[in-house]
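Reading the structure
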Amino acid sequence: MVEIVVENLYFKYPEASDYVLKNINLRIGEGESVAILGENGAGKTTLAKNLNGLLKPVEGSVKIDGVDTRSLSVAKMARRIGFVNHNPEHQFFAETVEDEVRFGLRNFGFPEEEIERSVQEALGSFGLEEYRRKNPFQLSGGEKKRLAIASIMVWHPEALIIDEPTIGMDYAQRLNIQGILRNLVSENRSIIVITHDVDFAANICRRAIVLSRGEIIGDGVLRKLLSDRELVERASLKKPFLVELEEELGLSGLEENFDGLSSILTRFFQKCRS
Amino acid sequence: MSFLKAFKYKRKESAVHRLDPRPKFLLAVVLMAVSIVFTDIRVLLTLLAGQLILLFLAKTLREWVSSLKGLLFFFAIIFATQIFFGGTLFTGFILSLRLLVLSSSMSWFFLSSTPEDIGRAMGAAGLPLELTFSFIMAIRFIPVIYDEFQSIYDAQRSRGLELEKGGFRKRVRNLMPILIPLLVGTIRRTYEIADAMEVRAFGASPKRTSYKSLKLKRGDYLLILFSILLVSILIYLKLLGVE
């Protein structure tokens, strides 16, 4: 599994005068589920693109298992760290869903037999089998997102970065994507979710990295971090529903474990009984 | 796609920016016409030098230089077709230089004229509002399309696509996963914009007025005179037999 270490990272786009990322230091270990949160323009997507080598640091370094991303091609990095764009349509070009899923495997030179097996498996696990001959552009928003994830997860990268997974999704589609990501977390894959949707993040990620104006203003256990009113306001976020509920129910000393609604209520009833 | 940067308006405080877009457009058209008519290397190099002076005066030389990287692909196609169809490297060079002069002719104009001013100039020339508006929108969308291209390119690179890999044919084929989503996205956006404009009553009033009108000043008249002089010199050169 993969370990990402970022040291003193500074990044700015060519021709821009200001740095988009300033003095970023972090380490994402294997099997971690991390949410990158922050206001619009905080540098979340830029950070994510630095983590998978699409962008290279101007100063400092990003290392994947000790190897500097500057010395690795994007294709080599993509094999280990998958990246799902915020707009799935940005990657669709094939005539059918199955061809879309096949694309990455062909680029990486997988043998034909393995390609067919993996495509079949990915279509099954992401609930896309019935659409295999459909044009990707004709799918619904949620199906498109699932296809985008399937076309990356088909080669089983060790880590997945997913940009704004819930944008434009209805509740059912959101739950579906949430289920997919939680499955990946349970498989001990590293998941990095870039989102504004703190409730979604709280349901998937243990850890949060909060960015504001290109700097990390918070890094730690998501629920603890987002119970800090000042930090939440500074990053133009809102407290996740589950954190608010825990506070309202007087469950002090927020648990670091990964509680869902049912376990919060169980803790509340235990507290009432005692 | 970086060549599109050469056609994106850059807000600067310069004498060229302050000129009326109409004489600027006239000079740009003259420069374009000359680069099409002449193949003589001396004429093309003189034109290029003149354009560099214009770009320097408009303080947009840096933007022009950074756009050149995008033209390298087209130069490669020109050289490849020349070699493939029995031309020489020199003809490849002349044609590439011609393309450079041709694109630069319009580049300094677009870099130094706001889309709104270009629209006003087109309106003043009696062109219909629909055409003027479409043209302005096309210019305004250059940076949007450029950003979208970058995003699509990143998405495909994340799936192992390597544009730099393989021979010429493979590289051209590799562009398909980028061009198709870009084209689909652009067409979709066109329909959305058309709908958004219609719901805001675009075209409901047949005659529109503008709060700002264009007025030619001394510098603009000088530019018109210069354009006429340039055309006269080049007609004379043509009569002398310069190719």
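Residues numbered from 1 in each chain as written. Chains lettered and ligands numbered in written order. Predicted model: local features only at pLDDT ≥ 70, side-chain atom pairs only at ≥ 80, totals over all residues. Heavy atoms only, no water.

**Some thoughts on the pattern of salt bridges**
The condition that has to hold: Any carboxyl oxygen of Asp or Glu within 4 Å of a side-chain nitrogen of Lys or Arg constitutes a salt bridge here. Put simply, DSSP marks the helices as runs of H or I at least four residues long and the strands as runs of E at least two long, and each gets a number from the N terminus on. Exposure is judged per residue with a 1.4 Å probe applied to protein chains only, and the accessible area is read against the type maximum: over 50% gives exposed, under 20% gives buried, and values in between give partly exposed.
Scanning the entire structure with this criterion turns up 27 salt bridges over all chains. A salt bridge links Lys 49 of chain A to Asp 154 of chain B; the nearest nitrogen and oxygen atoms lie 2.8 Å apart. Of this pair, Lys 49 of chain A sits in helix H1 (residues 44-51) while Asp 154 of chain B sits in helix H7 (residues 129-157), which puts the two residues in different chains. For the pair Lys 49 of chain A and Asp 154 of chain B, one class covers both residues: buried. The shortest N-O distance in the salt bridge between Glu 98 of chain A and Arg 132 of chain A comes to 2.8 Å.

**Some details on the side chain of Gln 91 of chain A**
Note the cut-off: Note on contacts: a residue pair is in contact if any heavy atoms of the two residues lie within 4.5 Å.
Within the secondary structure, Gln 91 of chain A is located in the loop between strand E6 (81-84) and helix H3 (97-107). According to the relative accessible area criterion, Gln 91 of chain A is buried, its value standing at 1%. Those residues in contact with Gln 91 of chain A that lie beyond four places of it in its chain are Glu 100, Ala 148 and Ser 151 of chain A together with Ala 155, Gln 156 and Arg 159 of chain B.

**A short note on the pairing of strand E9 (residues 207-212) of chain A**
Residue and element names in this part refer to chain A. Keep this limit in mind: For two strands to be treated as a pair, DSSP must find at least two bridges joining them.
Most of E9 is tucked away: six of the six residues are buried. Both faces of E9 are covered, namely the face carrying Arg 207, Ile 209 and Leu 211 and the face carrying Ala 208, Val 210 and Ser 212. Here strand E3 (residues 33-38) runs beside E9; their pairing, made up of five bridges, is parallel. Looking at the pairing, Val 34 lines up with Arg 207 of E9. Bridging between E9 and strand E10 (residues 215-221) involves six bridges; their strand directions are antiparallel. Bridging from a neighbouring strand, Val 210 pairs with Gly 218 of E10. Between the antiparallel neighbours E9 and E10 lie two residues, among them Arg 213 with a positive phi of about 45 degrees.

**Structural notes on the sheet that holds strand E4 (residues 59-64) of chain A**
Strand order in this open sheet of four strands is E2-E1-E4-E5 (chain A), and the pairing throughout is antiparallel. The open sheet terminates on both sides in strands that have one partner only, identified here as strand E2 (21-28) and strand E5 (67-68) of chain A.

**Examining helix H10 (residues 218-239) of chain B**
Residues and elements named next belong to chain B. Here is the rule we go by: One less than the residue count of a helix, multiplied by 1.5 Å, gives the span that helix is expected to have. Arc definition: directions from the helix axis to the C-beta atoms.
With 22 residues, H10 ought to run about 32 Å at 1.5 Å a step, and its terminal C-alpha atoms sit 32 Å apart, in line with that. Of the positions making up H10, those classed as buried are Asp 220, Leu 223, Ser 227, Leu 230 and Leu 234. End-on, the buried residues of H10 take up no more than an arc of 70 degrees, which puts them together on one face. Seen from the open side of H10, the exposed residues pointing more than 90 degrees away from its buried face are Arg 218, Leu 222, Leu 225, Tyr 236 and Leu 239. Considering only its buried residues, H10 is in contact with helix H2 (21-37) and helix H3 (41-57). After H10 finishes, the residue Gly 241 shows a positive phi value of roughly 100 degrees.

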